[in-house]
Amino acid sequence: MTTLIKPKGYHSQLDIKETEKAIKFVRQRFEEKFADVLNLSRVSSPLFLQPETGLNDNLSGKENAVSFHVKDADNAKVEIVHSLAKWKRTALNDYGYEYGEGIYTNMNAIRAEEELSNLHSIYVDQWDWEKIITEEERTEQQLQQVVKKIFRIFQEIEWNLSNEYAYIEPILPDEISFISTQELEDRYPHLTPKERENEIAKEKKAVFITQIGGPLHSGNKHDDRSPDYDDWTLNGDILFWYPVLDQAIEMSSMGIRVDQAALVRQLKEADCEDRLTLDYHKMVLGNELPYTIGGGIGQSRACLFLLRKAHIGEVQASVWSKEIIEECKSSGIQLL
């Protein structure tokens, strides 16, 4: 089922040619600043992985990856990546990176079962990144420090754009706030998780919601997370309030990665202990991989937010239903 928000009186302030130029500006400026601030080197990354490696992101565990067989590689089955959360950690190890160093890549993925909306497409493009930390740095303080650095990059790019385009006024607050999923549930016990996110994002304008994946005191989860890459006690999402759509928008999902104890605990909780036989999971259990922090920042999401667009199809080329195409056309939304 598809949904479409049509902001009253909306029209793009930039035509398509101007939009493409602005997209290039955002992507180049963000990537350069991001790599410099977090000490990341750009690497090439795979579009598909073999499922038996255990490296593909299983997301919530309900989504099926797009797959096919490679005729000239022993007819091996491969899957289009959902994200590169686990691949990046092995790459840091295999490529010889050391403490304090990290990598990022332009990740492209297909999530064929995604429900299409103003913020969701079947095509996913992210700056996927990963950085080596010490065991002692597996703390909430370390996580918050990195979140604040990423937030400051968004602030800087927003100010750059406001100087470049008269219609863009800075809307991000001076600081990003932090709140846990349990604190959110305690604060808004009668709201759904998405409604809680909207309430806190509208109040704070920028917020990092922590500890996503495990059950809350109510017995419910705030959201599903794969049990084998983020430590559910040391992860979270960056959300901004977006006036154009009058709702919260998730800009990044990130976290400190599982150690041996967290991996075993979370796989047991998710009833996925069979994954312990996969190559990646064996390496975590054997302490063969570095301790890391990492995540993904949506490239099209960043462009949509910073350029004040109403639909992600205005900043990326994807596939939409005839109904969405017609509704967008009649609502001043220019799909690429």
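Starting from 1, residues in each chain are numbered consecutively following that chain's sequence as written. A pLDDT threshold of at least 70 governs which residues receive local features in this predicted model, and a stricter bar of 80 or more applies before side-chain atom pairs are shown or counted, although totals over entire chains, interfaces and linings include all residues. In computing side-chain values, all of the structure's heavy atoms are included and hydrogens and water are not.

Peer 1: Mind showing me how you'd approach the overall build of the chain here?
Peer 2: Looking only at helices and strands, the chain features nine helices and 11 strands. This radius of gyration counts C-alpha atoms alone. The globule rule is 2.2 Å times how many residues there are, raised to the power 0.38. Its C-alpha radius of gyration of 20 Å places the chain within 12% of the 20 Å reference for a compact globule of 336 residues. Along the longest, intermediate and shortest principal axes, the C-alpha atoms of the chain span 55 × 50 × 40 Å. Burial here depends on accessible area, computed with a 1.4 Å probe over protein chains only, as a share of the maximum for the residue type. Under 20% is buried, over 50% is exposed, and the range in between is partly exposed. Considering the chain as a whole, with its 336 residues, one finds that 52% of them fall into the buried category. Note on contacts: a residue pair qualifies if any of its non-hydrogen atoms lie within 4.5 Å across the two residues. Across the chain, the fraction of contacts at a sequence separation of at least 24, relative to all contacts at a separation of at least 6, is 73%. Accessible area of the chain: about 15700 Å², with a carbon and sulfur share of 47%. Charged side chains in the chain number 39 positive and 57 negative. The centres of these two groups are separated by 4 Å. Secondary structure elements are defined from DSSP: runs of H or I of at least 4 residues count as helices, runs of E of at least 2 residues count as strands, and each element is numbered from the N terminus. Accessible surface area values rest on a Shrake-Rupley calculation with a 1.4 Å probe, where residue burial reflects the displayed protein chains alone. We score Asp and Glu as negative and Lys and Arg as positive, and we do not count His or the chain ends. Charge positions come from single atoms, namely NZ of Lys, CZ of Arg, CG of Asp or CD of Glu.

Peer 1: How do you make sense of the sheet that holds strand E3 (residues 67-70) when you look at a structure like this?
Peer 2: Pairing between the strands of a sheet comes from backbone hydrogen bonds, and it takes one of two forms, parallel or antiparallel. Pairing between strands is defined by DSSP: at least two bridges between them are needed. One open sheet holds the three strands; their spatial order is E2-E4-E3, and the pairing between them is antiparallel. Of all the strands in the sheet, just strand E2 (48-49) and E3 have a single pairing partner and so form its edges. The sheet contact formed by E3 and strand E4 (residues 76-80) spans four bridges and is antiparallel. By the bridge assignment, Val 70 is partnered in E4 with Ala 76.

Peer 1: Where do I start with empty space enclosed by the protein in this structure?
Peer 2: In this approach, a probe sized like a water molecule rolls over the atoms, and the result shows the empty space that is left. Cavities and pockets are defined on a 1 Å grid built over the protein atoms alone: a cavity is a set of grid points where a 1.4 Å probe fits but cannot escape, while a pocket is an open set with protein on both sides within 12 Å along at least five of seven lines, and lining residues are those with an atom within 4 Å of any such point. Grid points are joined across faces, edges and corners, and a volume is the space filled by probe spheres set on the points. Evaluated as defined, the whole model comprises one cavity of 30 Å³ or more. The space that makes up the largest cavity amounts to roughly 40 Å³. Forming the boundary of the largest cavity are Arg 89, Val 258, Asp 259, Gln 260, Met 283, Val 284, Asn 287, Glu 288, Leu 289 and Tyr 291. In terms of residue class, the lining of the largest cavity is made up of five nonpolar, two polar and three charged. Put simply, Ala, Val, Leu, Ile, Met, Phe, Trp, Tyr, Cys and Pro go in the nonpolar bin, Asp, Glu, Lys and Arg in the charged bin, and everything else, Gly too, in the polar bin.

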